[in-house]
Amino acid sequence: EVKSVLDIGCAYGHALQWFSQNGLCTIMGVEGDPECIKGSLVPGQIIEHDFTKGPAPIAQPFDLCWCAEFVEHVQEKFIPNYMPAFQLCRHVIMTHAEPGQAGHHHVTLKTTSWWLHKMKEYGFEFDEYNTALLRRTDRWKAIWGRRTLCVFHNL
């Protein structure tokens, strides 16, 4: 049922490129690094935005919000700035870094249970079945990524 994807923290647009090549008709990315936008793999499909300045200027709804390895890079006090973008989407798939996980500019390191509670505050329901299904696709058993992947539905 997914025909449109919003990628929050999309970097160069690798995921957007994959979604586009696999039949998605509408893709949009949001990225704060102008260098990533200059080197975009999906030119014209990424807007530049800094979530420390406020919510992104997005009005249209999307079927899916893809948010991989982004939330740990934004201070907790700015979560209300990116949640409106999540709320434009019927489904959210996100990954997060955990407490103690090393990485550049990791400022919001939280447990999965913390994120489940936070997403519920914003009207999202956790999908345990599809979360487990997608986590099993991790071929590399990385310390980041699919291990913390969570699927949510917008109520």
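Up top is the structure.
The rules behind the values
- Residues numbered from 1 in each chain as written.
- Predicted model: local features only at pLDDT ≥ 70, side-chain atom pairs only at ≥ 80, totals over all residues.
- Heavy atoms only, no water.
- Salt bridge = Lys/Arg side-chain N within 4 Å of Asp/Glu carboxyl O.
- Helix = DSSP H or I, 4+ residues; strand = E, 2+ residues; numbered from the N terminus.
- Buried < 20%, exposed > 50% of the residue type's maximum accessible area, 1.4 Å probe, protein only.
- Pairing = 2+ DSSP bridges.
- Core = buried A, V, L, I, M, F, W, Y, C linked by side-chain atoms within 4.5 Å.
- Contact = heavy atoms within 4.5 Å.
- Lys, Arg positive; Asp, Glu negative; His and termini not counted.
- Phe/Tyr/Trp six-rings, centres within 6.5 Å; stacked < 30°, edge-to-face > 60°.
- Arc of directions from axis to C-beta.

Chemist: Can you help me understand the pattern of salt bridges in this one?
Modeler: Two side chains bearing opposite charge may form a pair once their charged atoms approach each other closely. Here the structure, examined in full by the defined rule, presents 6 salt bridges. Lys38 serves as the salt-bridge partner of Glu35, at 3.2 Å between the closest nitrogen and oxygen. One end of the pair is Glu35 and the other is Lys38, both in helix α2 (residues 34-38) and 3 residues apart, which spans about a single turn. The exposed category is assigned to Lys38, whose relative accessible area is 66%. Residues joined by salt bridges that share partners form a network here, namely Glu1, Asp63 and Arg90.

Chemist: What is the right way to look at the pairing of strand β1 (residues 4-8) in this model?
Modeler: Remark: a regular strand shows side chains that alternate across the two faces of the sheet. Of all 5 residues in β1, 5 are buried, a share of seventy percent or more. A two-sided burial pattern is seen for β1, the buried positions comprising Ser4, Leu6 and Ile8 on one face and Val5 and Asp7 on the other. Two strands pair when backbone bridges link them, and β1 and strand β2 (residues 26-31) are joined in this way by 5 bridges, in the parallel orientation. The residue bridging Ser4 from the neighbouring strand is Thr26, located in β2.

Chemist: What exactly am I supposed to notice about the nonpolar core here?
Modeler: Soluble, globular proteins show a tendency: their nonpolar side chains are buried together. Residues Leu6, Ile8, Tyr82, Phe86 and Met94 are the most contacted members of the largest nonpolar core, which totals 27 residues. Secondary-structure elements contributing two or more residues to this core are β1, β2, β4 (62-67), α3 (79-87), β5 (89-94), α4 (112-121) and β7 (150-154). The leading source of residues in this core is α3, at 5 residues. Discounting chain neighbours no more than four positions away, the residues touching Leu6 are Met28, Val30, Ile58, Phe62, Leu64, Cys65, Trp66, Ala85 and Cys89.

Chemist: For this particular structure, what's the right way to read the side chain of Glu31?
Modeler: Along the chain, Glu31 turns up in strand β2. Of the side chains with opposite charge, Lys38 lies nearest to the buried Glu31, which makes no salt bridge, at 13 Å. Those residues in contact with Glu31 that lie beyond four places of it in its chain are Gly9, Cys10, Ala11, Cys36, Ile37, Ile46, Ile47, Glu48 and His49.

Chemist: Is there a simple way to explain the packing of aromatic side chains in this structure?
Modeler: What describes a pair of aromatic rings is the distance from one ring centre to the other and the angle between the planes of the rings. This structure, assessed with the given rule, holds 8 aromatic pairs. A centroid spacing of 5.4 Å and a plane angle of 80 degrees characterise the contact between Trp18 and Phe19, whose relative ring orientation is edge-to-face. Judged by centre distance (5.3 Å) and plane angle (75 degrees), the ring pair of Phe70 and Tyr82 falls under edge-to-face. Placement of the pair is Phe70 in the loop between β4 and α3 and Tyr82 in helix α3, with a sequence separation of 12 residues. According to the relative accessible area criterion, Tyr82 is buried, its value standing at 0%.

Chemist: Is there a simple way to think about α4 in this case?
Modeler: Side chains that are three or four residues apart share a direction in an α-helix, a result of its 3.6 residues per turn. Every buried residue belonging to α4 is among Thr112, Trp115, Lys118 and Met119, and all of these are buried. One side of α4 carries all its buried residues, which in axial view fall inside an arc of 120 degrees. Set apart from the buried face of α4 by more than 90 degrees, the exposed residues are Ser113, His117 and Lys120. In this fold, the buried residues of α4 make contact with α3, β5, β6 (124-126), α5 (128-135) and β7.

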